Amino acid sequence: MIQFLSTLPRNLIACFRGRRLAWHAMAIFFTFVLVASGCDWRYFLWTRSPTLWAWSIPSAPIGGLVPLALPLVLLALGRLRKSAVITTAGWAIGQAEAIGGIVAAAYKAVTGRVHPSHGLGPDISHGFRFGFLRGGLFWGWPSSHTIIAFAMAAAVFTLFPRRRWLGFLAVAYALYIGVGVSMTIHWLSDFVAGAVIGTLVGSVAGKAFLSDRCEPGLTVGPEVTRTRGRARTPVT
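Predicted, not measured: the structure shown is a model, and the values here were computed from it. (Residues numbered from 1 in each chain as written. Predicted model: local features only at pLDDT ≥ 70, side-chain atom pairs only at ≥ 80, totals over all residues. Heavy atoms only, no water.)

A. Quick look at the nonpolar core. Membership of the largest hydrophobic core comes to 48 residues, with the highest contact counts inside it found for Ile93, Ile99, Leu159, Phe160, Ile197 and Val201. Secondary structure elements with two or more residues in this core: α1 (2-14), α2 (21-36), α6 (84-111), α7 (144-159), α8 (164-182) and α9 (188-213). Counting residues per element, this core draws most heavily on α9, which supplies 12 residues. Here Ile197 is in contact with His24, Ala27, Val103, Tyr107, Pro142 and Ile147, once residues within four sequence places are set aside. (Core = buried A, V, L, I, M, F, W, Y, C linked by side-chain atoms within 4.5 Å. Buried < 20%, exposed > 50% of the residue type's maximum accessible area, 1.4 Å probe, protein only. Helix = DSSP H or I, 4+ residues; strand = E, 2+ residues; numbered from the N terminus. Contact = heavy atoms within 4.5 Å.)

Rendered as structure tokens:
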């Protein structure tokens, strides 16, 4: 808990520092291209299929429940098994989700993008209400479901470098959430921007938790790694 709270402001700021600003610029650029080219609207029209709707509608509730449950499950499991590895993963993933939610809310507060309607109508994919809280904190660009899902996936990839199957499983989950909400409550560009920003957030949080636990020059691998004068089992 102490590491989670003490490093959260630092890692949040780190997401907007130096070369990492290029990730935000990339998300904005992709959004501009998809909106200006009409791809957002064409994607919306293409995904009005009842079959796609039935497949994608669970993505919103799943994308809201899993981020709440996963860190708690990992923390409880880590305590039961007395595993610093699992406990660290729980705190790191939880922090990645928290930072992702903060970043998403900050962007939504100033962009105020209109969400797609449930039925066909005029093209509203260009609808941004720039200002402050003109669209609230929970609706708009980018997709917070997608940012949080990809933050989780990137954190898992970073924390478990020798168990890529966990990372691929996390990415598959993130893709389902992102693509699913892009067919229901978000535009395609909301998903694309969320994936870019979420990947950045998750990698920052994951690397920070590893660097705080590992001595410089040591590699996190399958062997036991020494940290700060004691032995521990690394995150693998």
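B. A look at the layout of surface pockets. One number sums up the size of the second largest pocket: a volume of about 300 Å³. Taken together, 18 residues make up the lining of the second largest pocket; nearest its centre are Lys108, Phe138, Ser144, His145 and Ile148. Where the lining of the second largest pocket is concerned, the elements lending two or more residues are α5 (59-81), α6 and α7. It is α6 that provides the largest number of residues to the lining of the second largest pocket, a total of five residues. A class-by-class count of the residues in the lining of the second largest pocket yields nine nonpolar, seven polar and two charged. (1 Å grid on protein atoms, 1.4 Å probe; cavity = no way out; pocket = protein on both sides within 12 Å on 5 of 7 lines; lining within 4 Å. Points joined across faces, edges and corners; volume = space filled by probe spheres on them. Nonpolar A, V, L, I, M, F, W, Y, C, P; charged D, E, K, R; others polar.)

C. Fine view of the packing of aromatic side chains. For the structure on display, the rule yields 11 aromatic pairs. Pairing Trp41 with Phe44 gives two aromatic rings, centres 5.0 Å apart and planes at 25°, and the pair type is stacked. With a gap of three residues between them, Trp41 and Phe44 both fall in helix α3 (residues 39-46), about one helical turn apart. Owing to a relative accessible area of 14%, Trp41 belongs among the buried residues under this scheme. When the ring of Trp55 is compared with that of Tyr176, the centres are 5.0 Å apart and the planes differ by 90°; the resulting orientation is edge-to-face. Pair noted here: Trp55 is in helix α4 (residues 50-56) and Tyr176 is in helix α8, with a separation of 121 residues, a long-range link. Joined through ring pairs, the aromatic side chains of Trp41, Phe44 and Trp187 make up one cluster. (Phe/Tyr/Trp six-rings, centres within 6.5 Å; stacked < 30°, edge-to-face > 60°.)

D. Just the pattern of salt bridges, in detail. Taken as a whole and judged by the stated rule, the model has two salt bridges. Linking Asp40 and Arg113 is a salt bridge whose minimum nitrogen-to-oxygen distance equals 2.8 Å. Of this pair, Asp40 sits in helix α3 while Arg113 sits in the loop between α6 and α7, and the two are 73 residues apart along the sequence. We classify Asp40 as buried; its relative accessible area is 0%. Among the residues examined, Arg113 registers a relative accessible area of 1% and is labelled buried. For Asp190, the salt bridge identified is with Arg113, shortest N-O distance 2.8 Å. In this pair, Asp190 sits in helix α9 while Arg113 sits in the loop between α6 and α7, placing the two residues 77 residues apart along the sequence. Residue Asp190 is classed as buried on the basis of its relative accessible area of 0%. Overlapping salt bridges, with partners in common, bring together Asp40, Arg113 and Asp190 in one network. (Salt bridge = Lys/Arg side-chain N within 4 Å of Asp/Glu carboxyl O.)

E. Highlighting the environment of His118. Within the secondary structure, His118 sits in the loop between α6 and α7. Its relative accessible area of 60% is what places His118 among the exposed residues. Along the backbone, His118 and Arg48 are 70 residues apart, and their C-alpha atoms lie at a distance of 8.7 Å. In this view, His118 contacts Arg48 and Trp53; residues no more than four positions away in its chain are not counted.

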